[in-house]
Amino acid sequence: MKKTSGRVLELLGLMQARADWTGPELAERLGVSDRTVRNDVARLRELGYPVDATRGRDGHYRLGVGAKLPPLLLDDEEAVAVAVGLRTVTGVAGFEESGARALAKLEHVLPDRLRRQLAALRDATSAGPANTDSNVDDPEVDPAVLTAIASAIRDHDGLRAFYRPAGTEERVEIEPYRLVAWQRRWYVVGRDPASGSWSPYRVDWLTLRTPGGRRFVPVDYPGDLTELVVREVARTGWAVHARLVIDAPADEVVARINPAVGTVEPLPDGRSVLVTGGDSLEVVAVWIGMLGLDFTVESPPALADHLRVLADRYAAAAR
């Protein structure tokens, strides 16, 4: 039988890995009796770990919520995965510093074999520029804002905010339902309590106001909220919005674009309309060029002007 200290640590690791365990399940995993499991649970409680237990046929053990963050037990793969994730996280202001602190603590306690694995991965890897598909810097989001929005979603509290899309500013009141991280952007999907309409709002364009909005009773959205973000961002979530008539059927256009690029509408004459957008005219021009189809710009006029400049530049380069 394993020594008591090692077995108690293994028990703690099991309870951190899954929410509920029955006594017989823990006994089988640890290779001990139900009585030994009960004794080890008592030892965890003596060490300050809140272990909840329910009796009866459906009885189980669960690691409860304590007053402080307990040590986490990670297996080899989990420890390396967390370390790699901490090295690559982007898009939230302040995470670089706090992530570096957490990574330093993790690396300090890693066994030598794992520290060498991580060092080998770090030394053998180089990262290209974080912003490779746009000439506009990725926006950073204050983690306190994400936390406030998440709490409002949990508690069904409305949000009041200033919203600044594309240089404008408006006051909005939102019933928040879901945070969606997509295309290195954060969105909160919400419902306008006045009109009942649903929209995604870019979090980096939101300035929360206090006090917040009124508490609301949730209603069901008739669809998938993440799909709503993908569909609506082309219309509301970019700095530049474009409407193009494509000289091809909608099915052919859909087959050629990434869903992140925009939405496609068929026209009666067999052509189609692509509604798309991006963080700059240059980005939109690149996406359009990748279609490989003839098109006409309906809006904005600045995009047509930019494409004329590109056409002259490319023509000069081909002489």
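Scroll up to find the structure this text is about.
Residue positions within a chain follow its written sequence, with the count starting from 1. Local features in this predicted model are restricted to residues whose pLDDT is 70 or higher, and side-chain atom pairs enter the listing and the counts only when it is 80 or higher, whereas totals over whole chains, interfaces and linings include all residues. Side-chain measures were taken over the full set of non-hydrogen atoms in the model, leaving aside hydrogen atoms and water.

### Quick look at the packing of aromatic side chains
Move 1: Ring pairs shown here join Phe, Tyr and Trp side chains whose ring centres sit within 6.5 Å, with only the six-membered ring taken for Trp; geometry is labelled stacked below 30 degrees between planes, edge-to-face above 60, and tilted in between. A complete count under the given rule lists 5 aromatic pairs for this structure.
Move 2: Seen from their ring centres, Tyr177 and Trp198 are 4.7 Å apart, and the 55 degrees between their planes marks the pair as tilted. You can see Tyr177 sitting in strand β5 (residues 170–182) and its partner Trp198 sitting in strand β7 (residues 198–202), a full 21 residues away along the chain. Here Tyr177 and Trp198 have matching classes, each one buried. We count a stretch as a helix when DSSP gives it H or I for four or more residues in a row; a strand needs E for two or more, and each element gets its number in order from the N terminus. For every residue, the accessible area (1.4 Å probe, protein chains only) is compared with the maximum for its type, and the residue is labelled buried under 20%, exposed over 50%, or partly exposed between those bounds.

### Observations regarding the sheet that holds strand β11 (residues 272–278)
Move 1: Reading across from one edge, β10-β11-β9-β12 is the order of the 4 strands in this open sheet, with antiparallel pairing throughout. Two strands in the sheet have a free side with no partner beyond their single neighbour: β10 (262–266) and β12 (295–299). Taken over all neighbouring pairs, the strand axes of this sheet differ in orientation by 25 degrees on average, direction set aside.
Move 2: With 4 bridges connecting them, strand β9 (residues 240–246) and β12 associate as antiparallel partners. Across the sheet, Arg243 pairs through a bridge with Ser299, a residue of β12.
Move 3: Its contacts with the sheet place helix α10 (residues 281–289) against β9, β11 and β12, and it is angled at close to 140 degrees to β11.
Move 4: By definition in these notes, contact holds between two residues if any of their heavy atoms fall within 4.5 Å. Note on geometry: axes are C-alpha line fits, over the in-contact stretch for helices, and angles between N-to-C directions span 0 to 180 degrees. The strands that helix α11 (residues 301–317) touches are β9 and β12; relative to β12, the one it contacts most, it runs at about 140 degrees. Two strands qualify as a pair provided that DSSP identifies no fewer than 2 bridges between them.

### As for the layout of surface pockets
Move 1: Using protein atoms alone on a 1 Å grid, points that fit a 1.4 Å probe yet trap it form a cavity, whereas open point sets bounded by protein on both sides within 12 Å along at least five of seven lines form a pocket; residues with an atom within 4 Å of a point count as lining. Grid points are joined across faces, edges and corners, and a volume is the space filled by probe spheres set on the points. Computed from the structure, the second largest pocket encloses a volume of approximately 380 Å³.
Move 2: Lining of the second largest pocket is provided by 17 residues; of these, Arg38, Ala53, Thr54, Arg55 and Tyr61 occupy positions nearest its centre.
Move 3: Going through the elements one at a time, α2 (23–30), α3 (34–46), β2 (51–54) and β3 (60–63) are the ones with two or more residues in the lining of the second largest pocket.

### A look at the packing of helix α1 (residues 4–17) against α2
Move 1: In contact at an axis separation of 11 Å, α1 and α2 are set at 130 degrees when each is read in the N-to-C sense. Between α1 and α2, the angle falls in the class oblique. With respect to the hand of their crossing, α1 and α2 are arranged in right-handed fashion. Counted together, Arg7, Glu10, Leu11 and Leu14 of α1 and Leu26, Arg29 and Leu30 of α2 form the full contact between these two elements. An angle below 35 degrees is read as roughly parallel, one above 145 as roughly antiparallel, one from 65 to 115 as roughly perpendicular, and any other as oblique. Note on convention: the crossing is left-handed when the near helix lies turned anticlockwise from the far helix by less than a right angle, right-handed when the turn is clockwise.

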